Amino acid sequence: MPDRPAMKRIILKLSGEAFAEAGSSSGVDPEIARRVASEVAAVADDGVEVGVVVGGGNMVRGAAFAERGMDRSTADHMGMLGTVINALALQDALEREGKETRVQTAINMQEVAEPYIRRRAMRHLERGRIVIFAAGLGAPYFTTDTTAAQRALEIGADVILKGTQVDGVYDRDPNLHDDATRYDHIDFLSALNQGLKVMDATALSLCMDNDLPIVVFRLLEAGNIARVVAGDQVGTLVSSGR
Ligand code: UDP
């Protein structure tokens, strides 16, 4: 199995559900945001440069609203605005942990956050600030997984850490099949061809084309982000396999 990549600068992808109220997949729970923030703060305290891409599925998923008759682009704009709510919740929680943070949005809203400026984001990271990237790519028909891949490439991150509800990538849905097996490692092409739910195909293709590894792991397990960053065999490594 290939070695885990070095992790000096990371993009952590948090789905909107990571902020949801306990027992629900919607809403924002400040206590859950605080738990996530303390885990993120711990790796930043160890000197890792951390960028976070936040999802918005706990608010609005554009595709689901479009299925119910709404104009897709409008629904996607609503989804992107939802990610900003999560970003502000995370910023607040991180600052209560004593971390310096910046939120940068791909849709301008200067009253609440900086606009996304790549060079400025990199400067913040070099100075030890945690940068939270919100509003996706600012364009409909994309996801925040694709945003994570795009931002990671732009800022020169070593890896994407994708925190999820399950502890890695399985050959089939572990909620439906008792005998599902978890991969320690899988290469990009196999993940794509098997349609495994690692990330959507656009995001996965972008990572594959640019040799950007992904580690998929369970988010809400104490100390897990730090373990992944330390190179422990936690979750599933998705990479070119070379
Ligand atoms: N979205 C978008 N363009 C982007 C990123 C997100 O249109 O570049 C919209 C899209 O409607 C998506 C929603 O924002 O469903 C929330 O993002 P996502 O579904 O990726 O959130 P997650 O599943 O990570 O919670």
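Engineer: Describe helix H7 (residues 201-209), listing the residues and the values that go with them.
Structural biologist: Here H7 has its buried residues at Ala203, Leu204 and Cys207. End-on, the buried residues of H7 take up no more than an arc of 95°, which puts them together on one face. Looking at the buried positions of H7, the neighbouring elements they touch are helix H5 (144-155), strand S6 (159-164), helix H6 (188-193), strand S8 (214-218) and strand S9 (236-239). At the N-terminal end of H7, a side-chain oxygen is found 3.2 Å from the backbone nitrogen of Thr202, two or three residues along, and the residue is Asp200.

Engineer: Tell me about the site of the ligand, residues and numbers included.
Structural biologist: With respect to spatial proximity, 21 residues lie near the ligand, and among them Gly16, Arg61, Asp76, Ala139 and Thr144 are the closest. Here an oxygen atom of the ligand sits 2.5 Å away from a polar atom, N or O, in the side chain of Asp76. Measuring from an oxygen atom of the ligand, one finds a backbone N or O atom of Met80 at 3.5 Å. Here the ligand loses 93% of its free accessible area of 530 Å² to cover by the protein chains. When atoms are counted within 2 Å of each cavity's grid points, the one that captures over half of the ligand is the largest pocket. Sorting the residues of the shell around the ligand by element identifies helix H3 (72-96) and H5 as the ones contributing at least two each. For the shell around the ligand, the leading source of residues is H3, giving three residues.

Engineer: Account for the packing of helix H1 (residues 30-45) against H3, with residues named and values stated.
Structural biologist: Where H1 contacts H3, the axes come no closer than 8 Å and their chain directions differ by 60°. Comparing the axis directions of H1 and H3 gives the class oblique. For the pair H1 and H3, the sense of crossing is right-handed. Together, Pro30, Ala33, Arg34, Val36, Ala37, Val40 and Ala41 of H1 and Ala89, Leu90, Ala93, Leu94 and Arg96 of H3 make up the contact between the two elements. Of the residues belonging to the contact of H1 with H3, the class tally is 10 nonpolar, no polar and two charged.

Thresholds applied
Residues numbered from 1 in each chain as written. Predicted model: local features only at pLDDT ≥ 70, side-chain atom pairs only at ≥ 80, totals over all residues. Heavy atoms only, no water. Buried < 20%, exposed > 50% of the residue type's maximum accessible area, 1.4 Å probe, protein only. Helix = DSSP H or I, 4+ residues; strand = E, 2+ residues; numbered from the N terminus. Arc of directions from axis to C-beta. Contact = heavy atoms within 4.5 Å. Polar contact = N/O pair within 3.5 Å; in protein donor to acceptor, adjacent residues only side chain to side chain. Near = heavy atom within 4 Å. Areas by Shrake-Rupley, 256 points an atom, 1.4 Å probe, with all protein chains shown as cover. 1 Å grid on protein atoms, 1.4 Å probe; cavity = no way out; pocket = protein on both sides within 12 Å on 5 of 7 lines; lining within 4 Å. Sits in = over half its atoms within 2 Å of the grid points. Axes fitted to C-alpha atoms, helices over the stretch in contact; angles between N-to-C directions. Parallel < 35°, antiparallel > 145°, perpendicular 65-115°, else oblique. Left-handed = near helix turned anticlockwise from the far one by under 90°. Nonpolar A, V, L, I, M, F, W, Y, C, P; charged D, E, K, R; others polar.

Everything listed here is a matter of coordinates, which is why it stays silent on function.
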